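Next come the chains, spelled out residue by residue.
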Amino acid sequence: MFRDRFEAGRQLAERLRDLTGTPAIVLALPRGGVLVGYEIARSLHIPLDVILTRKIGAPFNPEYAIGVVAENGFVSVNEEEIRLGVATREYIERIVPKLMAELERRRQLYRGGRPLPDLTGKTAILVDDGVATGFTMLGAIAAVREQHPEHIVVALPVAPPSTVERLRREVDRVEVLITPEPLDGVGAWYEDFHQATDEEVLELLERARADRAEPNGSSAKGEK
């Protein structure tokens, strides 16, 4: 188990040490992924930003992903779930605009309305605190790919083997610390898996910018 997301981020940073100081950027999925991504960006001396996606949850269980939307308008739905009657087309058409509105709210909050940063010639490191089905991360990959990065890397503390293999087919590199089967939920692998807040995300994004401005890029944040 990880003590918290900060510890997971430090362990992932060791796996990504070869990217230190390169033209790379950490793009973390809010909210929990930002706590992991902060430590990676701090350790590797590279910028931190967010990539905004939202899973499309099933009508009977919002935590069960049947699709994903991303901030650039990308929408993907698992057609098998529609065929099996887990959700209807009408449900998808109703829920997607609400999810897009939430992505726009977060873009205004976290980035002041700015679009994704220019990724041309850079390595985009996509980070979350863990994945189950991988739908949300696949949405992030699709959004980032449209920005034409040189390479796409996915870094995760925990994910099941089948999801890891699926992600490997989509990107240049995948680093995952533990691959349990069954997963039993991402939170089961953390001692502290508190609900991260917008305030915490904003504080870490600001701290990351300050770290980049300091000569040594050092900070004690996260050493808790």
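Above this note sits the structure.
Note that the structure is a prediction, hence the values are computed from the model and not measured.

Student: I'd love a proper account of helix 4 (residues 89–111), names of residues and values included.
Tutor: Taking 1.5 Å per residue as the helical rise, helix 4 with its 23 residues ought to reach 33 Å, and the 32 Å between its terminal C-alpha atoms agrees with that figure. Listed in full, the buried residues belonging to helix 4 are Tyr91, Ile92, Val96, Leu99, Glu102, Leu103, Arg106, Tyr110 and Arg111. Tucked inside the fold, the buried residues of helix 4 contact strand 2 (48–50), strand 3 (53–58), strand 4 (61–70), strand 5 (75–77), helix 3 (79–83) and helix 7 (198–213). Just downstream of helix 4, Gly112 is the residue with a positive phi angle, here 60 degrees.

Student: Break down the pattern of salt bridges for me, with residues and values.
Tutor: Counting across every chain of the model gives 21 salt bridges. Asp49 is paired through a salt bridge with Arg111; the nearest N and O atoms lie 3.2 Å apart. Placement of the pair is Asp49 in strand 2 and Arg111 in helix 4, with a sequence separation of 62 residues. Like Asp49, the residue Arg111 is buried in the burial classification. One network of salt bridges, with partners in common, ties together Arg31, Glu102, Arg105, Arg106 and Asp198.

Student: A description of the nonpolar core should follow, citing residues and the corresponding values.
Tutor: Grouped together as the largest cluster of nonpolar side chains are 48 residues, with contacts concentrated most on Ile40, Leu48, Ile56 and Ile125. Sorting elements by how many residues they give to this core places helix 2 (residues 32–44) first, with 7 residues. Residues contacting Leu48, with those up to four places away along its chain left out, are Val26, Ala28, Val34, Gly37, Tyr38, Ala41, Leu204, Leu205 and Ala208. Counting 25 residues, the second-largest nonpolar core is a separate cluster that includes Ile25, Ala140, Ile141 and Val164.

Student: Can you tell me about the sheet that holds strand 7 (residues 151–158), naming the residues and giving the values?
Tutor: With respect to topology, 5 strands assemble into an open sheet ordered 2-1-6-7-8, the strand pairing being parallel. For this open sheet the edge positions go to strand 2 and strand 8 (173–178), each flanked by a neighbour on one side alone. Pairs of neighbouring strands in the sheet enclose a mean axial angle of 25 degrees, with direction left out of account. Sheet analysis places strand 1 (residues 24–28) next to strand 6 (residues 123–127), joined by 5 bridges and oriented parallel. Paired with Val26 across the strands is Ile125, a residue of strand 6.

Conventions adopted
- Residues numbered from 1 in each chain as written.
- Predicted model: local features only at pLDDT ≥ 70, side-chain atom pairs only at ≥ 80, totals over all residues.
- Heavy atoms only, no water.
- Helix = DSSP H or I, 4+ residues; strand = E, 2+ residues; numbered from the N terminus.
- Expected span 1.5 Å × (residues − 1).
- Buried < 20%, exposed > 50% of the residue type's maximum accessible area, 1.4 Å probe, protein only.
- Contact = heavy atoms within 4.5 Å.
- Salt bridge = Lys/Arg side-chain N within 4 Å of Asp/Glu carboxyl O.
- Core = buried A, V, L, I, M, F, W, Y, C linked by side-chain atoms within 4.5 Å.
- Pairing = 2+ DSSP bridges.
- Axes fitted to C-alpha atoms, helices over the stretch in contact; angles between N-to-C directions.

Spatial relationships are all this shows, so hold off on functional conclusions.
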